[in-house]
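Per-entry structural report
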Amino acid sequence: VNRLDDRPECIVVGLGIMGSACLHELAKRGHAVLGLDQLSPPHPLGSSHGHSRIIRASYFEHPSYVPLVIRALELWRGIELEAQTSLFRRTGCLSIGPEDGLLCMGARRALAPHSLPFEELDAEKVLIRYPFLRLPQGHQALLEPLAGVLHPERCVQALLALARRKGASLRLNERVLRWKSLGRHFKVATERGTYLAERLLLCVGPWMKKFLPELPLACERQVMFWFEWDASRMERALEQVPALIAETNEGFFYGIPEPERGLYKVARHHGGASCEPDRLEREVKEEDLRPIAQFLDRYMPALRARPKEARVCIYTNTPDQHFIVDHLPRQENLIIISACSGHGFKFAPAIAEEAADLAEGKIKGPRQQLFSLSRFAGAA
Ligand SMILES: Cc1cc2nc3c(=O)[nH]c(=O)nc-3n(C[C@H](O)[C@H](O)[C@H](O)COP(=O)(O)OP(=O)(O)OC[C@H]3O[C@@H](n4cnc5c(N)ncnc54)[C@H](O)[C@@H]3O)c2cc1C
């Protein structure tokens, strides 16, 4: 089939959380937009699955993310209302680590200038308030009460449904094979047809390197584990349990309550093997569980049991762990959105605004220097 008659202004390739947010944003702004995905999102083969994602402003990674979190939360609330579905649950988030460590110091540095509320708890106070949690000596917790948890699959579904309602076209289970720049236009070839568009937004997550091998991106295998929460043994109902991130001697770990399923998710942040999305080891091994078991032994001993479920997911990392939201050099109509490094989900609707501004030519480069492609010498 030759669909050269289909002439959307913009094509969004990849409809994980970044692509579905971009599709929605462009449709909202009145653009004729087509979204293409090789699969049928939400699906469990990329980066946007697994029932829960933390959204927090205690941004130890860099304080300049804070305004973007605030904007994203506002947008998520609007999306939730419009789609009439529940996407966000306020849980609070504990940052746990050495008092002078990267996590607690960074969280404090991010929250304080924005007058965002937080509470510092020593190990004793933590034990009184969260009897299931043990902190090592010299460690503290910083509670950000306004933080919470997003439901990733529902977020993707809601954004795609709203985008469709606003006039976006979707073609699912249709893989993009290649594109060609014709100056003002791109000719995009898929397994089933050819499309012509003025602007291309590339949101292919872990598959980005297949198209643009020169980008400084590396995929990392991550494993999420779910444990049954027995409220009496844990001495707290799951509804009253905050999300947490912990800086330990063995690296970073996080925990997320999922009361709808009666499960608590635990995973290690980074520390995974490098991988490729099409040749990923999706089977979960005993050795994947070992660091998690060790973490639970020390921090949440009452939760230690065989996991109820486990699933593999992929991080797409840049060398400095910040995102790429930029156009390719000398190609202003080709926008790259690689917002992962294990912490991109929460920002999706705010990043989509930035990407749409780039696509419309309202800005010549990303507002956040942190997201520019030019920061990587010799890239692209
Ligand atoms: C285990 C885990 C935990 C995380 N925890 C958090 C968290 O707590 N908080 C947070 O903010 N972030 C978190 N993140 C990061 C966040 O989930 C990612 O930043 C985000 O999901 C990236 O989405 P994406 O749309 O870029 O990629 P994806 O969701 O992988 O989407 C890419 C899409 O492109 C499609 N595609 C690929 N190639 C083609 C092609 N040739 N043609 C058509 N379509 C194609 C794929 O099918 C896929 O649907 C976590 C990530 C993981 C893996």
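Our subject is the structure listed above.
An account of the accompanying structure is given in this report. (Residues numbered from 1 in each chain as written. Predicted model: local features only at pLDDT ≥ 70, side-chain atom pairs only at ≥ 80, totals over all residues. Heavy atoms only, no water.)

**Points about the sheet that holds strand 20 (residues 324-328)**
Put simply, the test is: At least two DSSP bridges between two strands are needed for those strands to be called paired. Where helices and strands are cited, they refer to DSSP runs of H or I of at least four residues and of E of at least two residues respectively, numbered from the N terminus. Here, axes are lines fitted to C-alpha atoms. For helices the fit covers the stretch in contact, and angles between N-to-C directions go from 0 to 180 degrees. When checking whether two residues touch, look at their non-hydrogen atoms; a contact exists if any pair is within 4.5 Å.
Judged by pairing direction, the sheet is mixed, and its six strands sit side by side in the order 9-2-1-13-21-20 without closing on themselves. Of all the strands in the sheet, just strand 9 (169-171) and strand 20 have a single pairing partner and so form its edges. Strand-to-strand twist across the sheet, computed as the mean angle between neighbouring axes with direction ignored, equals 20°. The pairing of strand 13 (residues 199-202) with strand 21 (residues 331-338) spans three bridges and is classified as parallel. Paired with Leu201 across the strands is Ile335, a residue of strand 21. Contacting strand 13, strand 20 and strand 21, helix 9 (residues 348-359) runs over the sheet at an angle of about 10° to strand 20.

**Let's talk about the site of the ligand**
Applied cut-off: Being near a molecule or strand, for a residue, comes down to having at least one heavy atom within 4 Å of it. Throughout this description, a polar contact denotes any pair of N or O atoms lying within 3.5 Å of each other; where both atoms belong to protein, one of them has to be capable of donating a hydrogen while the other can accept it, and for residues adjacent in sequence the pair is counted only when both atoms sit in side chains. Residue type decides the class: Asp, Glu, Lys and Arg count as charged, Ala, Val, Leu, Ile, Met, Phe, Trp, Tyr, Cys and Pro as nonpolar, and the leftover types, Gly among them, as polar.
Lining the immediate environment of the ligand, one finds 37 residues, of which Asp37, His43, Ser48, Cys313 and Lys346 sit closest. In this structure, an oxygen atom belonging to the ligand sits 2.8 Å away from a main-chain N or O atom of Ala339. Lys346 has a polar side-chain atom sitting 2.8 Å from an oxygen atom of the ligand. Every element with two or more residues in the shell around the ligand is listed here: helix 1 (17-28), strand 3 (53-55) and strand 19 (309-317). For the shell around the ligand, the element with the highest residue contribution is strand 19, accounting for three residues. Class assignment of the residues belonging to the shell around the ligand gives a composition of 21 nonpolar, 11 polar and five charged.

**Describing the pattern of salt bridges**
Note the cut-off: Salt-bridge detection follows one rule: a side-chain nitrogen of Lys or Arg within 4 Å of a carboxyl oxygen of Asp or Glu. Burial classes follow relative accessibility: with a 1.4 Å probe on protein chains only, a residue under 20% of its type's maximum area counts as buried, one over 50% as exposed, and anything between as partly exposed.
Going through the model one piece at a time under the given rule, you end up with 31 salt bridges. Linking Arg154 and Glu260 is a salt bridge whose minimum nitrogen-to-oxygen distance equals 2.6 Å. Within this pair, whereas Arg154 is found in helix 5 (residues 152-165), its partner Glu260 is found in the loop between strand 16 (251-258) and strand 17 (263-269), the two being separated by 106 residues in sequence. You can call Glu260 exposed: its relative accessible area is 63%. One salt bridge in this structure joins Asp357 and Arg367, with 2.9 Å as the shortest N-O distance. Here the residue Asp357 occupies a position in helix 9, and Arg367 occupies one in the segment after helix 9, the gap between them amounting to 10 residues. Via salt bridges that share partners, Glu25, Lys28, Arg29, Glu354, Asp357, Glu360, Lys362 and Arg367 belong to a single interconnected network.

**A word on the sheet that holds strand 8 (residues 148-150)**
Pairing in this open sheet of three strands is antiparallel, and the strands run 3-8-4 from one edge to the other. Single-partner strands in this sheet number two, and they are strand 3 and strand 4 (88-90). Going across the sheet, the axis of each strand differs from the next one's by a mean of 30°, ignoring polarity. Looking at chain direction, strand 4 and strand 8 are connected through three bridges and run antiparallel. Paired with Arg89 across the two strands is Val149, which belongs to strand 8. Seen against the sheet, helix 2 (residues 66-83) touches strand 3, strand 4 and strand 8 and runs at an angle of roughly 120° to strand 4.

**Concerning a negative patch on the surface**
Worth spelling out the cut-off: Only residues above 30% relative accessible area that lack a salt bridge enter a patch, with like-charged residues linked at up to 9 Å and the nonpolar side chains Val, Leu, Ile, Met, Phe, Trp and Tyr linked at up to 5 Å. We get accessible surface area from the Shrake-Rupley algorithm with a probe of 1.4 Å; when it comes to residues, only the shown protein chains can shield them. Charged residues are defined here as Lys and Arg on the positive side and Asp and Glu on the negative side; His and the ends of the chain fall outside this count. One atom stands in for each charge, and that atom is NZ of Lys, CZ of Arg, CG of Asp or CD of Glu.
The grouping of Glu99, Asp100, Asp122 and Glu124 at the surface amounts to a negative patch. Considering the arrangement of structural elements, one finds Glu124 in helix 4 (residues 123-129). Residue class for Glu124 comes out exposed when judged on its relative accessible area of 63%.

**Some words on the packing of helix 2 against helix 5**
The angle between the axes and the distance between the axes are what describe a pair of packed helices. As a reminder of what qualifies: By the definition adopted for this analysis, an angle is roughly parallel if under 35 degrees, roughly antiparallel if over 145, roughly perpendicular if from 65 to 115, and oblique otherwise. Crossings are sorted by hand: turned counterclockwise from the far helix by less than a right angle, the near helix makes the crossing left-handed, and turned clockwise it makes it right-handed.
Between helix 2 and helix 5, the least distance of the axes is 10 Å, while the angle of their chain directions is 70°. Classed by the angle they form, the pair helix 2 and helix 5 counts as roughly perpendicular. Regarding helix 2 and helix 5, the two cross each other, and that crossing is left-handed. In contact with Trp76, Ile79, Glu82 and Ala83 of helix 2, helix 5 contributes Cys155, Ala158, Leu159, Leu162 and Arg165. Residues belonging to the contact of helix 2 with helix 5 are distributed by class as follows: seven nonpolar, no polar and two charged.

**Re helix 3 (residues 102-111)**
Residue pairs three or four apart in sequence face the same way in an α-helix, which turns once every 3.6 residues. For clarity, the cut-off: In this context, the arc is that of the directions from the helix axis out to the C-beta atoms.
Residues Leu103, Cys104, Gly106, Ala107, Ala110 and Leu111 constitute the buried set of helix 3. Buried residues of helix 3, seen end-on, are gathered within an arc of 170° and therefore sit on one face of the element.

**Let's talk about the environment of Leu177**
Note on placement: Leu177 falls in strand 10 (residues 176-181). A sequence separation of 12 residues divides Leu177 from Ala189, and the C-alpha atoms of the two residues are 5.7 Å apart. In contact with Leu177, other than residues within four places in its own chain, are Ala189, Thr190, Glu191 and Phe211.

**What to know about the pairing of strand 1 (residues 10-13)**
What counts here: We call a crossover right-handed when, viewed with both strands directed away from the observer, the connection leading from the first strand over the helix to the second proceeds clockwise.
By the alternation rule, side chains of strand 1 split into Cys10 and Val12 and Ile11 and Val13, which are all buried. In the sheet, strand 1 pairs with strand 13 via four bridges, with the strands oriented parallel. By the bridge assignment, Cys10 is partnered in strand 13 with Arg199. The pairing of strand 1 with strand 2 (residues 33-36) spans four bridges and is parallel. Looking across to strand 2, one finds that Ile11 is bridged to Leu34. In this region the chain leaves strand 1, passes through helix 1 and returns to the parallel neighbour strand 2; the handedness of that crossover is right-handed.

**A look at the side chain of Ser52**
Note that Ser52 resides in the loop between strand 2 and strand 3. Given the relative accessible area of 1%, Ser52 is considered buried. When neighbours within four sequence positions are excluded, Ser52 is seen to be in contact with Val149, Leu150, Pro152, Ile256, Glu258 and Lys265.

Purely spatial values, then, with no claim about function.
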